[in-house]
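# Report on the structure
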Amino acid sequence: MVRPIVKYGAEVLHQPAQPVEEITGEVVQLARDMVETMYRAPGIGLAAPQVGVPLRIFVVDITLGHDPKGLITLVNPEWVEREGLQVEEEGCLSVPGFSASVARPQRVVVKGLDLEGREQTYEGQGLLARAFQHEMDHLDGKVYLDRLRGIRRSLLVRRIHKRIKAGTW
Ligand code: NI
């Protein structure tokens, strides 16, 4: 089932998500719905807070579903390694209509549980590293705008607040 994606300003996006204590049928269904919602959007990643659920789960697929091996679902993800630096244009399904250049690690290693509760480790470089970092930020209550500084950040935030006020967000 495709779930509605919540937008910047919703409380659930701006507070840390809670660890998953047990991978129940409900959690599995949530993850499946997140995959469907991500592909429908379409997007290359989605975190549970983006569908209004404050749990530490994200899904990533930089192939947009073209390669069945491209889909990664991680529960309670943790960093193993992060290194290097890349700066690329980035957007977010919860911040539609906006994008900005964001500094991210060039390479990351992340581990977490799959939906069977087995530990999985993934290495990502470039776009995949960026996607992992972007989704992990969501689990920590951050959106990419929070990674911007100074006038670049305040300009974007002001434009979003205008839309929220106007009821067009
Ligand atoms: Ni996002």
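Refer to the structure above for everything that follows.
Quick summary incoming for the structure in this document. Only a predicted model underlies this, so the values are computations on that prediction, with no experimental measurement involved.

This next bit is on the coordination of the nickel ion. Every protein donor of the nickel ion is accounted for by Cys92 (SG), His134 (NE2) and His138 (NE2), and the metal-donor separations fall at 2.0 to 2.2 Å. Donor residues binding the nickel ion come from one chain and are separated in sequence as C-x41-H-x3-H. Of this pair, cysteine 92 sits in the loop between β4 (86-90) and β5 (100-104) while histidine 138 sits in helix α2 (residues 126-139), and the two are 46 residues apart along the sequence. Each of the two residues, cysteine 92 as well as histidine 138, counts as buried.

Turning our attention to the side chain of arginine 56. Structurally, the position occupied by arginine 56 is in the loop between β1 (45-47) and β2 (57-60). For arginine 56, a relative accessible area of 15% puts it in the buried group. For arginine 56, the residues in contact, after removing those within four places along its chain, are Ala17, Gln18, Pro19, Val20, Leu74, Val75, Asn76, Pro77, Met136, Leu139 and Asp140.

The final tally for this structure, using the stated rule, is 12 salt bridges. Among the ionic pairs, arginine 104 bridges to aspartate 137, the shortest N-O distance being 2.8 Å. Taken as a pair, arginine 104 in strand β5 and aspartate 137 in helix α2 lie far apart in primary sequence, 33 residues in all. Given the relative accessible area of 2%, arginine 104 is considered buried. When salt bridges that share partners are traced, they join Glu90, Arg104, Arg130, Asp137 and Arg147 into one network.

Under the criterion given, the structure shown has three aromatic pairs. Ring centres 6.0 Å apart and planes at 40 degrees place the aromatic pair phenylalanine 58 and phenylalanine 132 in the tilted group. Here phenylalanine 58, found in strand β2, pairs with phenylalanine 132, found in helix α2; they are 74 residues apart in sequence, far enough to count as distant. In this structure phenylalanine 132 comes out as buried when scored by relative accessible area, which is 0%. Taken together through their ring pairs, the aromatic side chains of Phe58, Tyr122 and Phe132 make up a single cluster.

This brings us to the environment of glutamine 15. Among the secondary structure elements, glutamine 15 is positioned in the segment before α1 (25-40). Taking relative accessible area as the criterion, glutamine 15 reaches 32% and is therefore assigned partly exposed.

For the rest of this paragraph, the subject is the sheet that holds strand β7 (residues 119-125). On the basis of which strands lie adjacent, the open sheet formed by five strands has the order β1-β2-β3-β6-β7 and antiparallel pairing. The outermost strands of the open sheet, each flanked by one partner alone, are β1 and β7. For this sheet the average axis-to-axis angle between neighbouring strands, irrespective of direction, equals 35 degrees. The pairing of β1 with β2 spans three bridges and is antiparallel. Within β2, the position partnered with glycine 45 by the bridge is valine 60. Against the sheet, α1 touches β1, β2 and β3 (72-83), its axis set at about 35 degrees to β2.

Attention shifts here to the pairing of β2. What you see with β2 is no split at all: Ile57 and Val59 on one side and Phe58 and Val60 on the other are buried throughout. As defined by bridge partners, β2 adjoins β3 across four bridges and the pair is classed as antiparallel. In the strand pairing of β3, phenylalanine 58 is matched with leucine 74.

Quick notes on the rules
- Residues numbered from 1 in each chain as written.
- Predicted model: local features only at pLDDT ≥ 70, side-chain atom pairs only at ≥ 80, totals over all residues.
- Heavy atoms only, no water.
- Donors = N, O, S within 2.8 Å, 3.2 Å for Na, K, Ca; no water.
- Helix = DSSP H or I, 4+ residues; strand = E, 2+ residues; numbered from the N terminus.
- Buried < 20%, exposed > 50% of the residue type's maximum accessible area, 1.4 Å probe, protein only.
- Contact = heavy atoms within 4.5 Å.
- Salt bridge = Lys/Arg side-chain N within 4 Å of Asp/Glu carboxyl O.
- Phe/Tyr/Trp six-rings, centres within 6.5 Å; stacked < 30°, edge-to-face > 60°.
- Pairing = 2+ DSSP bridges.
- Axes fitted to C-alpha atoms, helices over the stretch in contact; angles between N-to-C directions.

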